[in-house]
Amino acid sequence: MPDFKRPHALVDIPTHYCPGCTHGIIHRLVAEVIDDMGIEGDTIGVCPVGCSVLGYFYFNCDMMQASHGRSPAVATGIKRANPDKFVFTYQGDGDLAAIGTAETVHAAARGENITVIFINNAIYGMTGGQMAPTTLPGQTSQTSPYGRNPNTEGFPIRICEMLSTLDGVAYAERVATIDPKSINAAKKAIRKGFEIQKNKKGFSIIEVLSTCPTNWGLTPLKALDWLKENMLPYYPLGVYADKEVRS
Amino acid sequence: MEKILMKGNEACAEAAIRAGCKCYFGYPITPQNEITAYMSKHLPKIDGGVFVQAESEIGAINMIYGCAGSGSRCMTSSSSPGISLKSEGISYIVGADLPCVIVNVQRGGPGLGTIQPSQADYWQATKAIGHGDMRIPILAPASAQEMVDMTLKAFRIAEEYRTPVMILADGLLGQMMEPVSFDNKSLPEADSSWAANGHANSRPKNTINSLYLDPLELEQKIKERFKRYEQITEKEVGAVYDKGAKIVVAAYGSTARVARSAVDKARAEGINAGLFRPQTLWPFPKKQLIEATENAKVVLVTEMSMGQMVDDVKMSLEFKLPVQFFGRTGGFVPNPDEILTKIKELEVSDNA
Amino acid sequence: MMTYEVLTAGFGGQGVLFVGKMLAEIGLLDGKEVSWFPSYGPAMRGGTCNCSVVVSDRPIGSPVVSHPNLLIAMNGPSYDKFIGTVAPDGKAFVDSTLTNPEDSAAKPCDGVRIFSIPATKLAVDNDLIGMANIIILGKLIKETAFASLETVEKAMTGVTKGKERLFALNMKALKLGMEY
């Protein structure tokens, strides 16, 4: 039985996240991986604009706060000047898949040796529940009050599938934080991303399907059920890229 | 000192490398491409040298944010439309107090405008380079040699005051070849104890950030930054000027060269004209302008724009002297005779 | 004291910018103030291009030459466009393979001297294709007090960067122009 204690890489302060939100779990998983690998002193994290905008308070490694969508570019700047350090970004779906699509795609295409933690909860959380690029067809939100209509609002973007076509992507996996089993799998995937970075193999992205009970208007438990019933079919879990980018 | 012929753009890039700039992030745009090309050729040969052609100007300026935030000396360059795209990032860089150098080799606007030389970004550079309560120092070279000297100065100011610094050149300065010499030495290693480059378990963690949700904290941050602006205003302002002239022609950058020719011709014809050339546009050299205009009856501002520096001249003189304007825009470089004609008109009206 | 304001013009690819650079390098070797400013634009090859070179004993104000006292016109459009701008005491050097000044509607000011030289033909006939620009430079060096052959040779050594064959070909072209 492992000793259940707060990871050192996670600062001992209350977070601002809503009750039942899975950001806390994912923060912890990232921090555990940093602890397990003993790399806190060599890691620089980049947090985005969105719910995790204040993420720089929560991690004990050096942190940067980036403008909306630009985390992969910021991470590129850090990593190129500090190729032996670990650099990760922590981004939501609006940040990564809408305003920051260009930065995401090109950091991936360049094979930047960074790890991207991508939180997909199918909605804009921080600004109050607007439609995200990952909002599902039919899903209601503040800006799709009649349900997302693909004829007018287009279709959700499957980021892992899209990025997996790029030669610069060494690793892309979609995981979820639904139950202990999936949470353990998520941690393994995050660890894999950091290991790929350690071995200078290229760009890694771990997409984590996450809940937003507040903006979905559901209790935390019902939110998990909603994720299973609606998001898993549209965003199948699995490894989408696992390849040698650099020799 | 050996002099070699170099384009202003290349001279700027070489000066940056000699100053110790190891990282460059940029995106192609005319008429600054020689800077990007020069960096792509030379930086990879340097130990730790980094060149990245970004996906956009937005990407490039945010790479600068990351690179500068991790304590590395870095630079980006662009031309007018690209600077508009960088604007967001520049504001964040100011908000996080990061040193870096940004070069704007101006072309004509608005919109796609033209690729020909222009000085139409004066307002943008000096008044509105990013959202929020902020300024950045703006240096205005007027020769290939000043592209060299001011690049070194820009890095020094950037690191001393923890601010981005802009070199506001134009297509003429960038594309023109002139003899330059490099007597500058590399800047000393800057203090980077604040940088986010891994705490190595030997110091508290560093955070690079521009977000302050507590108004009191943000106000204090901004006020502290404006204290630094006061120091920059006190110590770093520059201008070159003639004294005692009755007609003072105020011009910066490329236009100042043309104005110099016009003023010299006017003097040869017995007109008491003089040139005032600001080397910093923000902070504007107010005291120097007052000194240059002690004997003046009128000031003629000349620019490659519709007259964007005019307000700064008027305000610096506290509206005590008549200020006239002559400019060309749209990509035209004025010729000395045009300015000379204007000087003569002023001479006549002054005598009348 | 003399200020040379030179305009070189022609098609892209004729070496118009290079001959301008040569003039600037020569001026630099003579200890003069120099500037070189190209037209720049979308036409990288084949379009018309020109460049302004100023060589002076005094610091150079405007590097943009609007009334050259030396013009090198390497094709018809350049001749038509610029011959009327040459200063009254100026000299124009024209590639007569590609343009005939007498056929042009554009006329020089009184006092402008025109030197025609079939530079492109001379280049072709002497296995010096692409060096019409240097042939014209030779003519300019002969007909003006711009610089001594010695300085030109030294500048040529600099720009050919130790490539002996290239240097020899350029010097051959230069002398062809000087002797024409």
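No experiment lies behind these values; they were computed from the predicted model shown. (Residues numbered from 1 in each chain as written. Chains lettered and ligands numbered in written order. Predicted model: local features only at pLDDT ≥ 70, side-chain atom pairs only at ≥ 80, totals over all residues.)

S.K.: Just checking my understanding: could you explain the arrangement of the chains for this structure?
M.R.: Counting contacts across all two pairs of chains that touch, the top-ranked interface belongs to chains A and B. When C-alpha atoms are compared, chain A and chain C, though not in contact, are closest at a spacing of 27 Å. (Contact = placed C-beta atoms within 7 Å.)

S.K.: Would you take a moment to explain the pairing of strand 12 (residues 273-278) of chain B for this structure?
M.R.: Two faces make up the sheet, and in a regular strand the side chains alternate between them. Residues and elements named next belong to chain B. Of all six residues that make up strand 12, six are buried, and the element is covered over most of its length. The alternating pattern of strand 12 places Ala273, Leu275 and Arg277 and Gly274, Phe276 and Pro278 on opposite faces, both of which are buried. Pairing geometry for strand 10 (residues 239-241) and strand 12, over three bridges, is antiparallel. By the bridge assignment, alanine 239 is partnered in strand 12 with proline 278. By the bridge criterion, four bridges tie strand 11 (residues 247-250) to strand 12 in an arrangement that is parallel. In the strand pairing of strand 12, valine 249 is matched with leucine 275. Since strand 11 and strand 12 lie parallel, the crossover through helix 9 (residues 253-268) that links them has a hand, and here it is right-handed. (Buried ≥ 20, exposed ≤ 12 C-beta atoms within 10 Å, placed from the backbone. Helix = DSSP H or I, 4+ residues; strand = E, 2+ residues; numbered from the N terminus. Pairing = 2+ DSSP bridges. Right-handed = clockwise from strand over helix to strand, strands pointing away.)

S.K.: What's the story with helix 6 (residues 164-179) of chain C in this structure? I'm lost.
M.R.: In an α-helix there are 3.6 residues to a turn, and that puts residues three or four apart on one side. With 16 residues, helix 6 of chain C should reach 22 Å at 1.5 Å per residue; the first-to-last C-alpha distance of 22 Å fits that figure. Structurally, helix 6 of chain C contributes buried residues whose contacts are with strand 6 (113-117), helix 3 (119-125), helix 4 (132-143) and helix 5 (149-159) of chain C. (Expected span 1.5 Å × (residues − 1).)

S.K.: Explain the interface of chain B and chain C here, please?
M.R.: Many authors give the size of an interface as the accessible area that is lost as the parts come together. Tallying the contact residues gives 17 residues for chain B and 15 residues for chain C. Every element with two or more residues in the side of chain B that touches chain C is listed here: helix 7 (171-175), strand 8 (177-180) and helix 9 of chain B. Residue contributions to the side of chain B that touches chain C peak at four residues, all from helix 9 of chain B.

S.K.: In this structure, what is going on with the interface of chain B and chain A? I would like to understand it.
M.R.: With 34 residues of chain B at the interface, the matching set in chain A holds 29 residues. Secondary structure elements with two or more residues in the side of chain B that touches chain A: strand 2 (23-26), strand 3 (50-53), helix 3 (57-69), helix 4 (80-95) and strand 9 (207-208) of chain B. It is helix 3 of chain B that contributes the most residues to the side of chain B that touches chain A, nine residues altogether. Taken together, the residues of the side of chain B that touches chain A sort by class into 15 nonpolar, 16 polar and three charged. The sheet contact formed by strand 2 (residues 62-65) of chain A and strand 9 of chain B spans two bridges and is parallel. By the bridge assignment for strand 9 of chain B, methionine 64 of chain A is matched with isoleucine 208 of chain B. (Nonpolar A, V, L, I, M, F, W, Y, C, P; charged D, E, K, R; others polar.)

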